[in-house]
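# Structural characterization, general
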Amino acid sequence: MSRRVVVALLGPVTWTPPGIEPARWRTALAEDVVDLLATLNEVETAVAVAARDRWLADAVVWPGTPVYEVPEPTPNAVFAALAAAGCDQVAVVAADAPDVPGLTLGKLLRPLTTRPVAVAPVEGGGTGLLGVAARLPVPAWLPALDLDTTAPAEVRRAAPSPGDVAVTAGWRRMRGPADLAALDPAVEGWEATRALLSGRPV
């Protein structure tokens, strides 16, 4: 049976709302994404983090959640670590999308039955990816990926055929005031982020 894993990559956060301490903001975002992963069915979940940020993983993971320390916080480094661990299909998602629906993350893995790579774009302004999924070992043509800057078109251009890369549903990441304003208080989830924004302790 294939090992399918969704990994929250606890990379740097590029923006923090005024008046909130950056480490607390980063922790709240990561906690909400990790909590969401714990609700997913039919997949394993894990966290990946650079050694310097192991404190963050320790602060947000559920008991028993695997934590992979990677040399750099990139999808490529995560794919290498999980290939070595014997995984077959891996989705790497950014840890600054606290209200992302679980269905959106699940759609990242679905195309891997017929295609080697799938990417989910960031909705709203700016470049980057919400996440990327691949069959392991990754194809030799897969370029170096940066969730903050890589566009789906770049990945498709690198493939032998654009059809080798599926583009799935996207979602916003918290990278500016417009993203923050789009958070819907009526939607369940994102409890840690909600609590921090309301001034309560996380």
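The model shown is predicted, which means the values in this text are computed figures rather than measured ones.

Conventions used here
Residues numbered from 1 in each chain as written. Predicted model: local features only at pLDDT ≥ 70, side-chain atom pairs only at ≥ 80, totals over all residues. Heavy atoms only, no water. Buried < 20%, exposed > 50% of the residue type's maximum accessible area, 1.4 Å probe, protein only. Helix = DSSP H or I, 4+ residues; strand = E, 2+ residues; numbered from the N terminus. Pairing = 2+ DSSP bridges. Core = buried A, V, L, I, M, F, W, Y, C linked by side-chain atoms within 4.5 Å. Contact = heavy atoms within 4.5 Å. Salt bridge = Lys/Arg side-chain N within 4 Å of Asp/Glu carboxyl O. Axes fitted to C-alpha atoms, helices over the stretch in contact; angles between N-to-C directions.

All right, on to the pairing of strand S5 (residues 117-121) then. Judged by how many residues are buried, S5 sits mostly within the fold: four of five residues are covered. Inspection of the sheet shows S5 paired to strand S6 (residues 129-135) by five bridges, in the antiparallel sense. By the bridge assignment, Ala120 is partnered in S6 with Gly131. Note that S5 and strand S7 (residues 165-167) share three bridges and pair parallel.

Once that is clear, we can look at the nonpolar core. In terms of nonpolar packing, the biggest core is built from 30 residues, with Val6, Leu10 and Leu37 touching the most fellow members. When residues of this core are traced back to their parent elements, those giving at least two are strand S1 (4-9), helix H1 (22-37), strand S2 (44-50), helix H2 (54-60), strand S4 (89-94), helix H4 (102-109), S5 and S6. Broken down by element, this core gets its largest block of residues, five residues, from H1. Excluding its chain neighbours within four sequence positions, the residues that come into contact with Val6 are Leu37, Leu40, Val43, Glu44, Thr45, Ala46, Ala91, Val93 and Leu109. Listed in part, the 27 residues of the second largest apolar core include Val70, Val132, Leu142 and Leu147.

A few words on the pattern of salt bridges. A full pass over the atoms with the stated rule returns nine salt bridges. Of the charged contacts in the structure, one is a salt bridge between Arg3 and Glu44, with a shortest N-O distance of 2.9 Å. Note that Arg3 is positioned in the segment before S1 and Glu44 in strand S2, a separation of 41 residues in sequence. Judged by its relative accessible area of 33%, Glu44 falls in the partly exposed class. Salt bridges sharing partners connect three or more residues here, namely Asp96, Asp148, Arg173 and Arg175.

This part covers the sheet that holds S6. In space, the seven strands of this open sheet follow the order S3-S2-S1-S4-S6-S5-S7, with mixed pairing throughout. With partners counted over all chains shown, the strands left at the sheet margins are strand S3 (67-70) and S7, one partner each. Each neighbouring strand pair of the sheet contributes to a mean axis angle of 20°, computed without reference to strand direction. In this structure, S4 lies alongside S6, joined through five bridges in antiparallel fashion. Bridge assignment links Gln89 to a residue of S6, and that residue is Arg135.

This part is about the environment of Arg110. With respect to the helices and strands, the residue Arg110 is situated in the loop between H4 and S5. On the accessibility criterion, Arg110 (52% relative accessible area) is exposed.

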